[in-house]
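# Working through the structure, step by step
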Amino acid sequence: GAGVSQSPRYKVAKRGQDVALRCDPISGHVSLFWYQQALGQGPEFLTYFQNEAQLDKSGLPSDRFFAERPEGSVSTLKIQRTQQEDSAVYLCASSFAAGYEQYFGPGTRLTVT
Amino acid sequence: AQTVTQSQPEMSVQEAETVTLSCTYDTSESDYYLFWYKQPPSRQMILVIRQEAYKQQNATENRFSVNFQKAAKSFSLKISDSQLGDAAMYFCAYRRPSTGTASKLTFGTGTRLQVTL
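Everything quoted here is computed from the prediction, not taken from an experiment.

## Side note on the interface of chain B and chain A
On the chain A side, the residues contacting the 18 residues of chain B number 24 residues. Overall, the association of chain B and chain A removes approximately 1600 Å² of surface from exposure, summing both partners, and the carbon and sulfur fraction of that is 53%. On the chain B side of the interface with chain A, the three residues burying the most area are Gln44, Met45 and Lys104 of chain B, jointly 27% of the side's total. Summed over the shared surface of chain B and chain A, the result is 0 salt bridges. Where the side of chain B that touches chain A is concerned, the elements lending two or more residues are strand S5 (33-39) and strand S10 (88-95) of chain B. For the side of chain B that touches chain A, the per-class residue count stands at 7 nonpolar, 9 polar and 2 charged.

## A few points about the sheet that holds strand S1 (residues 5-7) of chain A
Residues and elements named next belong to chain A. In spatial order, the strands read S1-S3-S8-S7; together these 4 strands make up an open sheet with antiparallel pairing. The sheet is open, and its two borders are formed by S1 and strand S7 (65-68), each paired with just one other strand. Between one strand axis and the next, the sheet turns by 15° as a mean value, whatever way the strands run. Where S1 and strand S3 (residues 19-24) come together, 3 bridges link them in antiparallel fashion.

## Quick word on the pairing of strand S5 (residues 44-50) of chain A
All names here are of chain A. Counting buried positions along S5 yields 5 of 7 residues, so the element is predominantly enclosed. Taken together, the 6 bridges between strand S4 (residues 31-37) and S5 define a ladder with antiparallel strand orientation. Considered in S5, the bridge of serine 31 is made with glutamine 50. The hairpin formed by S4 and S5 contains 6 residues between the paired strands, and glycine 40 there has a positive phi angle of roughly 75°. Pairing of S5 with strand S6 (residues 53-56) involves 3 bridges; the strand directions are antiparallel. Bridged to glutamine 50 within S6 is alanine 53. The hairpin formed by S5 and S6 contains 2 residues between the paired strands, and asparagine 51 there has a positive phi angle of roughly 55°.

## Describing the state of the cysteines
As used here, a disulfide is simply a covalent bond connecting the sulfur atoms of two cysteines. Residues and elements named next belong to chain A. Evaluation of the coordinates by the stated rule reveals 2 disulfides over all chains. A sulfur-sulfur distance of 1.8 Å marks the disulfide that ties cysteine 23 to cysteine 92. The sign of the S-S torsion, about -65°, decides the handedness of the disulfide formed by cysteine 23 and cysteine 92: left-handed. Residue cysteine 23 is found in strand S3, and its partner cysteine 92 is found in strand S9 (residues 88-95); the two are separated by 69 residues along the sequence. Accessibility expressed as a relative area gives 0% for cysteine 23, which makes it buried.

## Section: the side chain of aspartate 86 of chain A
With respect to the helices, strands and loops of the structure, aspartate 86 of chain A is situated in the loop between strand S8 (75-79) and S9. Beyond its immediate chain neighbours, meaning those up to four positions away, aspartate 86 of chain A contacts Gln36, Arg64, Phe65, Ile79, Leu110 and Val112 of chain A.

## With respect to the nonpolar core
All names here are of chain B. Of all hydrophobic cores here, the largest spans 25 residues; its most connected members are Tyr25, Trp36, Phe75, Leu77 and Tyr90. When contributions to this core are tallied by element, the ones reaching two or more residues are strand S3 (19-21), S5, strand S6 (46-52), strand S8 (64-69), strand S9 (74-79), S10 and strand S12 (111-116). Element by element, the count of residues in this core is highest for S10, at 4 residues.

Thresholds, definitions, all that
- Residues numbered from 1 in each chain as written.
- Chains lettered and ligands numbered in written order.
- Predicted model: local features only at pLDDT ≥ 70, side-chain atom pairs only at ≥ 80, totals over all residues.
- Heavy atoms only, no water.
- Contact = heavy atoms within 4.5 Å.
- Buried area = accessible area lost by both parts, 1.4 Å probe.
- Salt bridge = Lys/Arg side-chain N within 4 Å of Asp/Glu carboxyl O.
- Helix = DSSP H or I, 4+ residues; strand = E, 2+ residues; numbered from the N terminus.
- Nonpolar A, V, L, I, M, F, W, Y, C, P; charged D, E, K, R; others polar.
- Pairing = 2+ DSSP bridges.
- Axes fitted to C-alpha atoms, helices over the stretch in contact; angles between N-to-C directions.
- Buried < 20%, exposed > 50% of the residue type's maximum accessible area, 1.4 Å probe, protein only.
- Disulfide = S-S within 2.5 Å.
- Core = buried A, V, L, I, M, F, W, Y, C linked by side-chain atoms within 4.5 Å.

This is a description of form; function is not addressed.
Take a look at the structure:
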């Protein structure tokens, strides 16, 4: 596929469970972003990777959130001990390099019950 | 910190008519980029149009155009000859010039556009 893909598309977790959300960026894209979009809100920045290096994690809301991109391609956003306030759509975006157009994936809708 | 404000939660337009979505932003930077993104229901966010702050000329992409007022920090989107497929959430977004590190987008809260027959 030519676009950004994310899996799973939907995830229901019980409060306290750990979840892992996957992002497959466009092949060759150096930059990768994670955003969190709460219901009725605009996306909010979580973290940014340039290749495998996490250069900005200032938007991660707590130390329960962890992201990695070990080989500079696929990225995983992990949320430990999920809370109800973590319910949101998590969007991944990639770009050829910093400053180029960001292409978004379809998102993962996380519901914490 | 930069902020982006969209004061119209919902807008409605008749097919073939023109509609304008408003956006204001706050920044102390002199150079930056502004964007309008479209997010159809259950579909991916796509870029509609972008504007570089250093360019005085307003950007245009087919039926989509912007009115960029740098001094007023205003960036509105005009959709001409509206089509049913234009129905979506529209987000205004801001980005600083890339310095090689983060080029994250700051989004507004969105405007839901309905297109009626």
